[in-house]
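Analysis of the macromolecular model
The primary structure of each chain is shown beneath.
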Amino acid sequence: MKSIIALKKSIIPSCDVDTLDKLRRIIKETFQIEGIGGYKIGFEICLLYGMPKVVEEIRHFTALPIIYDHQKAGTDIPEMGKRFVQTCKSVDAIILFPQAGPTTERAWIRAARDEGLGVIVGGEMTHHGYLFSEGGFLRTEAPFEMYRIAAEEGVCDFVVPGNKPEKISLYKNVIMQCGVQQPVFYSPGFISQGGLVKDAVIAAGENYHPIVGRAIYDAKNIAEVTAQFVQQLNF
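We now turn to the structure provided with this report. (Residues numbered from 1 in each chain as written. Predicted model: local features only at pLDDT ≥ 70, side-chain atom pairs only at ≥ 80, totals over all residues. Heavy atoms only, no water.)

1. Quick notes on the overall build of the protein
- When its secondary structure is counted, the protein shows 10 helices and 8 strands.
- The globule rule puts the C-alpha radius of gyration for 235 residues at 18 Å, and the 17 Å found for the protein is close to it.
- Per-residue burial over the protein gives 51% buried out of 235 residues.
- In the protein, of all internal contacts separated by at least 6 residues, the share reaching a separation of at least 24 is 74%.
- Carbon together with sulfur atoms contributes 52% to the accessible area of the protein, which is approximately 10700 Å² in total.
- With 25 positive and 27 negative side-chain charges, the protein shows a spacing of 1 Å between the two charge centroids. (Helix = DSSP H or I, 4+ residues; strand = E, 2+ residues; numbered from the N terminus. Rg over C-alpha atoms; globule rule 2.2 N^0.38 Å. Buried < 20%, exposed > 50% of the residue type's maximum accessible area, 1.4 Å probe, protein only. Contact = heavy atoms within 4.5 Å. Areas by Shrake-Rupley, 256 points an atom, 1.4 Å probe, with all protein chains shown as cover. Lys, Arg positive; Asp, Glu negative; His and termini not counted. Charge placed at Lys NZ, Arg CZ, Asp CG, Glu CD.)

This is how it looks when you write it as C-alpha cells:
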C-alpha cells in the first residue's frame, strides 16, 4: 500500500475543532514548519461543514496529506466499508479501528485499497477502561489480532497509544513478526493524556508520527508550540 507520510518522523496536528476559523488558524500557523507531516481531521468539523469543504480549506494552504479519523470507523458490517470509503475520496488516508471483527476489518481495508486511500489501523485506544483487563468491553488480546490481520492485508501504518510506550513496543514486535519490516506508527495521547513524545519515539522507532491535538490547537502561540513538538522527535 502507498506511503502516506513522506517524512520518517513528523508531527501531525489533530484538527478536532468545531469551526472553519479555528481550522484555518491551525493550518496557517503550522503548514510551513519543517517537520509537519500532515493533518488529521475528525467527525465534528466534517459533519458540521462536509468533508469536501474542510479539505478545500486546508488545500488553500498546503498539499500535505490529510487523514480522516471517523472516531471510530470499521465498526459496521463488512458491506458498509465500500460506501464509507467512497465518501472519503477527498482525503488521502483514513483511520480504522476494526472493533466489529475480522471480517469487517478485511473488507474495509480492501475497500479503501480499491479506492486508492491510505489505511491506518488502530487497535488499542489511549483511555483507561478500554480493554477487558481494565474493566472495558474488548478482550485484552483483541488489539493484537487487529494489528495482525491488518499486517496480513498489507497495511504498514498503525495507530498505537502514545501514553503507553510499553504497549507500543509489544505491538511493534507482533506487527514485525507478521512480515511488516518497517511499520509506521501514529499516536495520540500526549500531554493532556499523560504521554511524553520522547518515550513514545523510543518505543516506536524510526517511522513515527505523533498526533497532537489540544496541546496545539488550544495554545496561545500555535506555531511556537508545534515547533517545540517537532524538536522532541530528535532529542
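Okay, back to it.
2. Some points on the pairing of strand E2 (residues 39-42)
- Neither face of E2 is left uncovered, since the one carrying Tyr-39 and Ile-41 and the one carrying Lys-40 and Gly-42 both have all their residues buried.
- Bridge analysis of strand E1 (residues 12-15) against E2 gives 2 bridges, and the strand direction is parallel. Counterpart to Cys-15 in the pairing with E2 is Ile-41.
- Chirality of the crossover, the property in question, places the unit of E1, helix H1 (residues 20-30) and E2 among those that are right-handed.
- Summarising the sheet, E2 and strand E3 (residues 66-73) pair through 4 bridges and their orientation is parallel. Within the sheet, the bridge partner assigned to Lys-40 lies in E3 and is Ile-67. (Pairing = 2+ DSSP bridges. Right-handed = clockwise from strand over helix to strand, strands pointing away.)

3. Section: the packing of aromatic side chains
- Under the defined criterion, the tally for this structure stands at 7 aromatic pairs.
- Arranged with centres 5.9 Å apart and planes meeting at 50 degrees, the rings of Phe-31 and Phe-61 form a pair that is tilted. Highlighted residues: Phe-31 in the loop between H1 and E2 and Phe-61 in the loop between helix H3 (51-59) and E3, separated in sequence by 30 residues.
- For Phe-31, a relative accessible area of 22% corresponds to the partly exposed category.
- Ring centres 4.7 Å apart and planes at 55 degrees place the aromatic pair Tyr-147 and Tyr-171 in the tilted group. Residue Tyr-147 is located in helix H6 (residues 142-152), and its partner Tyr-171 is located in helix H7 (residues 165-177); the two are separated by 24 residues in the primary sequence.
- On the basis of relative accessible area, Tyr-147 is assigned to the buried category, the value being 1%.
- You can call Tyr-171 buried: its relative accessible area is 0%.
- Clustering of aromatic rings is evident, with ring pairs tying together Phe-144, Tyr-147, Phe-158, Tyr-171 and Phe-185.
- Across the ring face of Phe-97, the terminal group of Lys-72 is positioned such that the distance to the ring centre comes to 4.8 Å. (Phe/Tyr/Trp six-rings, centres within 6.5 Å; stacked < 30°, edge-to-face > 60°. Lys NZ or Arg CZ within 6 Å of the ring centre and 35° of its normal.)

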